[in-house]
Amino acid sequence: MHTPVVIAAFAVLLIVISLLQPLARRLDLAPSVLLAAVGALIGALAAYLLYTPRTDALNALAQVFVNPPIDSETILYVFLPLLLFQTTLTLEMRRIFEDIGPILVLAVVAVLVATAFIGLALYPLAGVSLVACLLLGAIVATTDPVAVVSIFRDIGAPARLGRLVEGESLLNDAAAIVLFVILFGMLTGAQAPEMSTAIMTFFRSFVGGVAFGLVVGRIAIAFLPMMRDHKLAQVTFSVALPYLVYVLSEQVVGVSAVVAVVSTGIVFNLYGPARVTPDAWSYLHDVWEQIAFWAASLIFVIASILIPEMLDGFRLLDALLLVVLILAAFVGRAVVIFGLLPLLSAVRVGEGVSNKYKTVILWGGMRGAVTLTLALSVTEHRNIPDDVQHFIAVQATGFVLFTLLVYGTTLKPLIKILKLNKLSPLDEALRNQFQALVLSDVRDGVDQMASAYAISPEVARKVSDGYAARSATATEANAFSEDIMDKERVQLGLIALADRERVLVLHHFRENTVSNRTISAHLAIVGAIADLARTKGRAGYNRAARRLVAFDTSFRAAQSIFRWLRTDAFLGRVVADRFERLLLTRIVLNELILFNVKRIRPMVGDRVSTILHEVLDGRKDDVLQQLEALRLQYPDYADALELEFLRRTGERMEETAYAEAYAQRLIASELYNDLQRELAVHMGETRQRPHIDLGLKTRDLIASNPLFASLPDQQRETIARLLQPQFVLPGEHIIRKGEKGDAAYFISSGAAEVRTAFGVHRMGRGDVAGEMALLTGQPRSADVVAIGYCTLLVLSAADFRNLIRTSPELKAHVEHLAQTRLGMNAAEAAALAEKAAQDAQGAPGETTSPA
């Protein structure tokens, strides 16, 4: 084929694709449905033009469509890595992980179940081997989320429903293609037919792909800071990455290429924003959205063009088998969705999925380009018998057409019937009240603008009266009637606060005032706050908001790494992340309190606004308490972090001022570019987050501890080899009552409480905890709990006894502390006994007193 003709053909396809998008919107159809129909029409028309004796004028162009210059392997290699990688970039991965249980069931388990149902249902009727029937099941198990998600967005379906479908499709393709490769190998003789071997191959390929993708993703992330200020380089790097992973994993490592690309994309999505500027990450997203649109549309149209050829020779038996295929796929998917998902809810693995959601997910299982391409790859293989090729091609194509024409055209009405596109009464009330408020503000703004520009009041009144009428209509229509309780109004306010918090956090992301890693983690929690505010009200809002001040698993992991490996690098990073997250939360909460007063109060009333203020105040108190605890432990770092925040804010203001001056033509381009270069150099010098020193070096801790300050240097050096530093979080138990005494704890910084039956004693720098059990040989007699961030020096029981014997001064000090504590306990015990006796004496008198 001539290259110019091929280029012209693809140009025609792109033009057709671009015109179909607005047409699909006008016809109220999913774009995938229209693409498939037009693609099949192009294929039929090209075949007619090529083989008709009436004209030969368009034979060269028709030849490109009838016999495309690319095969199925080329289609997969060119388009699939792009589609998989772009999907991972667009997903909110931290929110996806919250629903990972249902998503894994829908993706992996559903693929296996659907493959089994389809294969076993077709085997007695199809006249081909069981492996061929199972292979068809794996081919049609891949779902296409593009059409479904576009429908969701058009009609305003719940966000979680979209996340479930997109998350399912991402892993669904990976699992189905892994299974396809194994069954395809068995059918062609390249793979051993034993079931045990196939199962081991599946898990090795899947798990190996995950591991390889994680490794490559982490390596790739390490290169991003080198391109921090070069957006074009970042895009180029990100486009090359999925192709490299795809080829290496399949051709060199021997694991699933699809799974590896997905795994790499997840790592890139999670850690990429922290390595580049916010503007660069937004630019990368925009470019990838365009690339994915081209790839998804082209692969769909190219595959659809081959539909007439793949349906060639369609028989009555094929129609019967297609009906069986449709029923088996539907039943298999229903068993998973309505049978297994409730089990996850029962064992509390992820949040439950409502029956309405399940129904939409079941009906939304449309198939698309990947299914057609996999079927095409079967028809192109010489070692597969003709009857099997015909069976796979006809059934896969027919199934795709059925899902597009039936599911694709009825999914939107189904969602409307289930009223998932409708706003709840609470959301409707919020919408109307907010609209009334906005329209009133716009009317005032129009009046002010007319006055400023000397427009006659009569003309201005014609516009402002329209806004006044619309505002009045919205006010009358709003659902804030007497039957909506304050509890529901509070829920509305909480939803508005959560949405506003997301906007404020994104503002700091764009302004680059805090690290992108902190922004990413905060956004994930804010998403959970919004979801739980909608489903659980005030209790859900508060529960999700507490995650911003809670110690997550990364903190526990960092502590364990420090204790095992004696390195505080990871611990220092999570402490710094916590510092920054608390600082950001404090700033955002201050802005939310003002937002509540200025914008929410007019919508929900004074009483409800006061309740919202109390909720925000409670959050702020928790944040300030945690922030103050950190500040007491690391005051220098707190000052440095706030200084860096103000520096970044100033740099952003300076950058904005230059840009506005250039846009208004106050400065020429030469001057603007020179100012930008100078600012870039300055920003590069101050962009790094301050380094936090946790002060966990043993010798420094010993030198600063009053217990060891008077000891000779040689003895302190000996002690340094015995003591191990330990970092303890607020609320963490240092010692538990009843445990065997195996160590003593010297407090170098921070504070702790000794909780006994006789009362609570505060301990601070220079105190010792746990020495009583070592001196007496008895079990621990009290709980010791950190009330702030504490740095401890831990000494084993044997080393403690040796140290006491060799250091008279230390022995005297420890014994003095022990005697003091015993005396306090004895005094409190006596006071408790005396109070108990007085209560016992007073009891009879109380019983005889008149009622």
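First, a word on scope: everything that follows refers to the structure included in this document. (Residues numbered from 1 in each chain as written. Predicted model: local features only at pLDDT ≥ 70, side-chain atom pairs only at ≥ 80, totals over all residues. Heavy atoms only, no water.)

**Structural notes on the overall build of the chain**
In plain terms, the rule: Starting at the N terminus, helices and strands are each numbered in turn, a helix being any DSSP run of H or I of at least four residues and a strand any DSSP run of E of at least two. Relative accessibility decides the category of a residue: with a 1.4 Å probe and only protein chains considered, values under 20% of the type maximum give buried, values over 50% give exposed, and everything between is partly exposed. By definition in these notes, contact holds between two residues if any of their heavy atoms fall within 4.5 Å. Computed by Shrake-Rupley with a 1.4 Å probe, the accessible areas treat only the displayed protein chains as cover when residues are assessed.
For the chain, the helix and strand inventory stands at 32 helices and 8 strands. Counting only residues that meet the buried cut, the chain has 50% of its 851 residues in that class. For the chain, restricting intrachain contacts to residue pairs at least 6 apart in sequence, the fraction spanning at least 24 positions comes to 80%. Surface exposure of the chain reaches about 40,100 Å², of which carbon and sulfur atoms provide 61%.

**Details of the pairing of strand β4 (residues 752-756)**
This is how it is decided: A pair of strands is treated as paired once DSSP finds two or more bridges between them.
Of all 5 residues making up β4, 4 are buried, and the element is well covered by its neighbours. As paired elements, β4 and strand β5 (residues 759-763) share 5 bridges and run antiparallel to each other. When the bridges of β5 are listed, Ala-752 appears paired with Met-763. Connecting β4 to the antiparallel partner β5 that follows it, the hairpin turn spans 2 residues. Where β4 and strand β7 (residues 783-786) come together, 4 bridges link them in antiparallel fashion. Within β7, the position partnered with Glu-753 by the bridge is Val-785.

**Observations concerning a nonpolar patch on the surface**
What counts is decided by this rule: Residues enter a patch when their relative accessible area is above 30% and they make no salt bridge; the linking distance is 9 Å between like charges and 5 Å between nonpolar side chains (Val, Leu, Ile, Met, Phe, Trp, Tyr). By definition here, a salt bridge exists when the distance from a side-chain nitrogen of Lys or Arg to a carboxyl oxygen of Asp or Glu is within 4 Å.
Taken together, the side chains of Phe-117, Phe-330, Val-331 and Val-335 present a nonpolar region at the surface, about 290 Å² in accessible area. Of all the elements, helix α15 (residues 316-346) adds the most residues to the nonpolar patch, at 3 residues. The topology assignment puts Val-335 in helix α15. Relative accessible area serves as the criterion here: at 39%, Val-335 is assigned to the partly exposed category.

**Here we look at a negative patch on the surface**
This is how the line gets drawn: Note that His is not counted, nor are the chain ends; the positive residues are Lys and Arg, and the negative ones are Asp and Glu. We put the charge of a Lys on NZ, of an Arg on CZ, of an Asp on CG and of a Glu on CD.
Together, Asp-71, Glu-73, Glu-250 and Glu-380 line one region of the surface with negative charge. Inspection of the secondary structure puts Glu-250 in helix α11 (residues 231-253). The class for Glu-250 is partly exposed, based on a relative accessible area of 35%.

**A closer look at helix α22 (residues 516-545)**
Heads up, the rule is: To estimate the expected span of a helix, count its residues, drop one, and scale the result by 1.5 Å. Consider a residue and the seven residues that end there alongside the seven that start there; fitting an axis to each set, the bend is the angle between those axes.
In a regular helix each residue adds 1.5 Å, so 30 residues correspond to 44 Å; α22 covers only 20 Å between its end C-alpha atoms and thus falls short of that length. The sharpest bend along α22 reaches about 150° and sits at Lys-536.

**Quick look at the environment of Ala-797**
With respect to the helices and strands, Ala-797 occurs in helix α31 (residues 797-806). Setting aside residues up to four positions removed in sequence, Ala-797 forms contacts with Gly-741, Asp-742, Ala-743 and Leu-774.

**Some details on the pattern of salt bridges**
Taken as a whole and judged by the stated rule, the model has 13 salt bridges. Here Glu-501 ties to Arg-619 by a salt bridge, and the two come within 3.0 Å at their closest N and O atoms. Residue Glu-501 is found in helix α21 (residues 486-511), and its partner Arg-619 is found in helix α25 (residues 606-633); the two are separated by 118 residues along the sequence. There is no split in this pair, since Glu-501 and Arg-619 are both buried.

**As for the packing of helix α1 (residues 3-27) against helix α2 (residues 31-51)**
Threshold: The axes are straight lines fitted to the C-alpha atoms, using for helices just the contacting stretch, and the angles between their N-to-C directions are given from 0 to 180°. Any angle that falls under 35 degrees is termed roughly parallel, while one over 145 is termed roughly antiparallel, one within 65 to 115 roughly perpendicular, and all others oblique. Handedness of a helix crossing follows the sense of rotation of the near helix relative to the far helix, less than a right angle counterclockwise being left-handed and clockwise being right-handed. Ten residue types, Ala, Val, Leu, Ile, Met, Phe, Trp, Tyr, Cys and Pro, are classed as nonpolar, four, Asp, Glu, Lys and Arg, as charged, and the remainder, Gly among them, as polar.
At their nearest, the axes of α1 and α2 sit 9 Å apart, and the two run at 135° to each other. As far as their axial angle goes, α2 and α1 are oblique. Viewed along their axes, α1 and α2 form a crossing whose handedness is right-handed. Here Leu-13, Val-16, Ile-17, Leu-20, Gln-21, Leu-23, Ala-24 and Leu-27 of α1 come into contact with α2, specifically with Pro-31, Leu-34, Leu-35, Val-38 and Ile-42. Classifying every residue of the contact of α1 with α2 by side-chain character gives 12 nonpolar, 1 polar and no charged.

**Considerations on a positive patch on the surface**
Side chains of Lys-356, Lys-416, Lys-419 and Lys-422 sit close together on the surface and give a patch of like positive charge. Along the polypeptide, Lys-416 turns up in helix α18 (residues 386-417). A relative accessible area of 42% places Lys-416 in the partly exposed class.

**Brief notes about the sheet that holds β4**
Ordered in space as β2-β7-β4-β5, the 4 strands form an open sheet in which the pairing is antiparallel. Two strands lie at the open edges of the sheet, namely β2 (733-735) and β5, each paired on one side alone. Strand-to-strand twist of the sheet, defined as the mean angle between neighbouring strand axes without regard to direction, takes the value 30°.

**Looking at the packing of aromatic side chains**
Rules: When two rings of Phe, Tyr or Trp (its six-membered ring) have centres within 6.5 Å they constitute a pair, described as stacked for plane angles under 30 degrees, edge-to-face for angles over 60, and tilted for the intermediate range.
By the definition in use, this model includes 14 aromatic pairs. With centroids separated by 6.4 Å and ring planes inclined at 50°, the aromatic side chains of Phe-223 and Phe-237 adopt a geometry described as tilted. Of this pair, Phe-223 sits in helix α10 (residues 195-223) while Phe-237 sits in helix α11, and the two are 14 residues apart along the sequence. Given a relative accessible area of 21%, Phe-237 falls into the partly exposed group.

**Some words on the packing of helix α17 (residues 369-379) against α18**
At a minimum axis distance of 9 Å, the contact between α17 and α18 shows a crossing angle of 170°. One element, α17, and the other, α18, form an angle in the roughly antiparallel class. As for the relative orientation of α17 and α18, their crossing is left-handed in sense. Between α17 and α18, the contacting residues are Thr-371, Leu-372, Ala-375, Val-378 and Thr-379 on the first element and Gln-389, Ile-392, Ala-393, Ala-396, Thr-397 and Val-400 on the second.

**Describing the side chain of Arg-581**
Here is the rule: Polar contacts here mean pairs of N or O atoms no more than 3.5 Å apart (in protein, one a potential hydrogen donor and the other a potential acceptor; neighbouring residues in sequence count only if both atoms are side-chain atoms).
You can see Arg-581 is positioned in helix α24 (residues 569-604). Among buried charged residues, Arg-581 stands out as having no salt bridge; its nearest opposite-charge side chain is Asp-552, 4.7 Å away. In terms of polar contacts, Arg-581 uses its side chain to reach the backbone carbonyl oxygen of Leu-548, at 3.2 Å.

**Concerning the environment of Arg-647**
Along the polypeptide, Arg-647 turns up in helix α26 (residues 635-663). Expressed as a C-alpha distance, the spacing of Arg-647 and Thr-513, which sit 134 residues apart in the sequence, is 8.4 Å.

**Side note on the side chain of His-508**
Within the fold, His-508 resides in helix α21. By relative accessible area, His-508 is classed as buried at 4%. Those residues in contact with His-508, other than ones at most four positions away along the chain, are Thr-513, Ile-519, Leu-584, Ile-587, Val-588, Glu-591 and Phe-645.

**Some points on the sheet that holds strand β1 (residues 724-728)**
On the basis of which strands lie adjacent, the open sheet formed by 4 strands has the order β1-β8-β3-β6 and antiparallel pairing. For this open sheet the edge positions go to β1 and β6 (768-769), each flanked by a neighbour on one side alone. Bridge count between β1 and strand β8 (residues 790-796): 5 bridges; the pairing is antiparallel. Across the sheet, Pro-725 pairs through a bridge with Leu-793, a residue of β8. The strands touched by α31 within the sheet are β3 (743-749) and β8, with β8 carrying the most contacts at an inclination of about 85°.

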